[in-house]
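# Examination of the molecular architecture
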Amino acid sequence: MSSPASMPPVTGLAATAPDMLTAVMLVDIAVVLVVGVLLGRLMKRLRQPAVIGEILAGIALGPSLLGALPGNPSGTVFPKDVQPLLNAVSQVGLVLFMFLVGWEFEKRIVRPHARLAAVTSLSSIAVAFGLGFALAGWLYPEHAEVAGHHIGFAPFAVFLGTAMSVTAFPVLARILSDNRLLGTRVGSLALASAAVDDVLAWCLLAYVSAMVSAGGDYAKLGRIAVWGLVYTGAMLFVVRPLLSRLVWRWAGAGRWPALLVVLSAGAFTSAWLTSWIGIHAIFGAFLFGFVTPREPAQLLAQNLRKPLDDVSLVLLPVFFVVTGLGVDIGSLTGRDVLALCLIVVVACAGKLVGAIVPVRLSGMGWRESKDLGLLMNTRGLTELIILNAAVTLGVLDGRMFTMMVIMALVTTAMAAPLLSRREELVAVTPEKATADLAGP
């Protein structure tokens, strides 16, 4: 198999090398989109979220499948010189997606079930985080070095615990919609709990990225924490009211293109600022989306969210293939397979136990409690974002990254086939669900 260094340079009939690098990047994006759509549709026929197909497309185009064929076709289709360009495109899509995740967080989802949703989310995070942290003690000796650099146990363990704690709110919402469970009591509570989980997960990621950036220097960690709090406060108490005035004024005047540019620029700037502080860029994008006004809801959805969703739909699959290029199933050893099995078991146990226990104590039946645990166990795209952040910060090696991506796929794929049918669950109006879950 040819090494990347021995591969022929990218050339064209009359184009310069930089021009051809850009051209290869463009055709690579075309390949990614087509393969992603095909596998996404296949997954939907199998009652799975399309995102699983898109993730599998990335893995299939990487060293695990295409790269394992004679001649390493993956290295030809995605040359090493082009991969940084693809990564840059994927980061644009990722920042816009994280902005939308923050923007789509609705307190109205959480408010009817605030107490139980908070307890369920905290319990599932605490149990999953604790089990992940404990598992890290066994995994750490095998993965203490990344690219020749020693990684401290604390960052490794905290990252692993954080990855175990994640629930993918966007994927969960899609599963509920596809299985017609949005109007059920368990679906309503699952959405509320996952929304709280999402916010807490990004806060955990902000903390652990600051820890890694500080590199064991507690004074530097303190400075990052102070600047992070100052920035968060400025976003909540300065940027949010200013954005509210701007959005209402420009929405009333129909200045949608200008408003779209301002919000996109704000998301990118916020991502840069949190990176400068020492916190991962995706937290900045999420926070800017979180403080962006939600009203006038219908006009914003039609004129701003839909165009941004469409852009994200085109750019985000590139993130999946960049992720897939880092997944090499063939590199896993026998011990790694055992570790992978333990990772999957611990991930499932943490979320299932952590979510089921509090809702059972609240009086919910076993069937609905089981379904809630399965829904909270879906990790999907949110997991991949956290894992890529860990790789960027140099906390996970290639084998560990591969095992965690497989765990994300397994925990997401297992939800839909194991969920109860809608007619077996309690279908209620929002008012009735509020009364049932609020308790006496």
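Conventions we followed
Residues numbered from 1 in each chain as written. Predicted model: local features only at pLDDT ≥ 70, side-chain atom pairs only at ≥ 80, totals over all residues. Heavy atoms only, no water. Buried < 20%, exposed > 50% of the residue type's maximum accessible area, 1.4 Å probe, protein only. Helix = DSSP H or I, 4+ residues; strand = E, 2+ residues; numbered from the N terminus. Arc of directions from axis to C-beta. Axes fitted to C-alpha atoms, helices over the stretch in contact; angles between N-to-C directions. Parallel < 35°, antiparallel > 145°, perpendicular 65-115°, else oblique. Left-handed = near helix turned anticlockwise from the far one by under 90°. Contact = heavy atoms within 4.5 Å. Nonpolar A, V, L, I, M, F, W, Y, C, P; charged D, E, K, R; others polar. Core = buried A, V, L, I, M, F, W, Y, C linked by side-chain atoms within 4.5 Å. Salt bridge = Lys/Arg side-chain N within 4 Å of Asp/Glu carboxyl O. pLDDT = per-residue confidence, 0-100. Phe/Tyr/Trp six-rings, centres within 6.5 Å; stacked < 30°, edge-to-face > 60°. Lys NZ or Arg CZ within 6 Å of the ring centre and 35° of its normal.

### Details of helix 8 (residues 169-178)
- F169, V171, L172, I175 and L176 are the residues of helix 8 that are buried. Along the long axis of helix 8, the arc covered by the buried residues comes to 160°, so they all point the same way.

### Observations regarding the packing of helix 7 (residues 153-165) against helix 9 (residues 185-214)
- Close contact between helix 7 and helix 9 brings their axes to 10 Å; oriented N to C, the two are set at 165°. In terms of their interaxial angle, helix 7 and helix 9 are classed as roughly antiparallel. For the element pair helix 7 and helix 9, the recorded crossing hand is left-handed. Between helix 7, through A154, P155, V158, F159, T162 and S165, and helix 9, the contact on the second element is made entirely by D197, A201, L204, L205, Y207, V208, M211 and V212.
- Classifying every residue of the contact of helix 7 with helix 9 by side-chain character gives 11 nonpolar, 2 polar and 1 charged.

### Concerning the environment of L259
- By the secondary structure assignment, L259 is in helix 11 (residues 256-277).
- Apart from residues no more than four positions distant in its own chain, L259 is found in contact with L246, V247, W250 and L304.

### Section: the nonpolar core
- If you look at the biggest cluster of nonpolar residues, it comprises 120 residues, and the most contacted ones within it are W202, I343, I385 and M400.
- Among the elements that line this core, the one with the most residues is helix 9, at 16 residues.
- Not counting chain neighbours up to four residues away, the residues in contact with M400 comprise L139, H143, F156, L160 and I343.

### Description of the pattern of salt bridges
- Throughout the structure, instances matching the rule amount to 6 salt bridges.
- In this structure, E142 and R335 form a salt bridge, with 3.5 Å as the shortest nitrogen-oxygen distance. Remark: R335 occurs in helix 14 (residues 334-361) and E142 occurs in the loop between helix 6 (114-139) and strand 1 (145-146); sequence separation between them is 193 residues.
- Overall, the relative accessible area of 39% leaves R335 in the partly exposed class.
- Two residues, D371 and K370, come together in a salt bridge whose shortest N-O distance is 2.9 Å.
- Exposure remark for K370: the relative accessible area of 30% places this residue in the partly exposed category.
- It is possible to trace a salt-bridge network through shared partners that takes in E142, R335, D336 and R399.

### A word on the confidence of the model for the chain
- Averaged over every residue, the pLDDT of the chain is 83; residues scoring 70 or more account for 89%.
- Across the chain, the secondary-structure element scoring lowest on mean pLDDT is helix 19 (residues 430-438), at 42, and the one scoring highest is helix 14, at 93.
- The low-confidence segment residues 1-9, where pLDDT is below 50, has 7 contacts with residues more than four positions distant or belonging to other chains.
- Contacts for the low-pLDDT stretch residues 429-440, under 50 throughout, to residues beyond four places or in other chains number 12 contacts.

### Some details on the packing of aromatic side chains
- The final tally for this structure, using the stated rule, is 9 aromatic pairs.
- Between the aromatic rings of F99 and F288, the centroid separation amounts to 5.8 Å while the plane-to-plane angle is 35°, which identifies the pairing as tilted. With a gap of 189 residues between them, F99 in helix 4 (residues 83-103) and F288 in helix 12 (residues 281-291) connect regions that are remote in the sequence. Summarising the burial analysis for this pair, F99 and F288 share the class buried.
- Between the aromatic rings of F133 and F153, the centroid separation amounts to 5.7 Å while the plane-to-plane angle is 85°, which identifies the pairing as edge-to-face. Note that F133 is positioned in helix 6 and F153 in helix 7, a separation of 20 residues in sequence.
- Look at F133 and you get partly exposed, because its relative accessible area is 32%.
- Looking at F153, the relative accessible area reads 30%, which means it is partly exposed.
- One aromatic cluster is present, formed by F129, F133, Y140, F153 and F156 through successive ring pairs.
- Here the guanidinium or amino end of R294 rests over the ring plane of F290, the centre of that ring lying 5.7 Å away.

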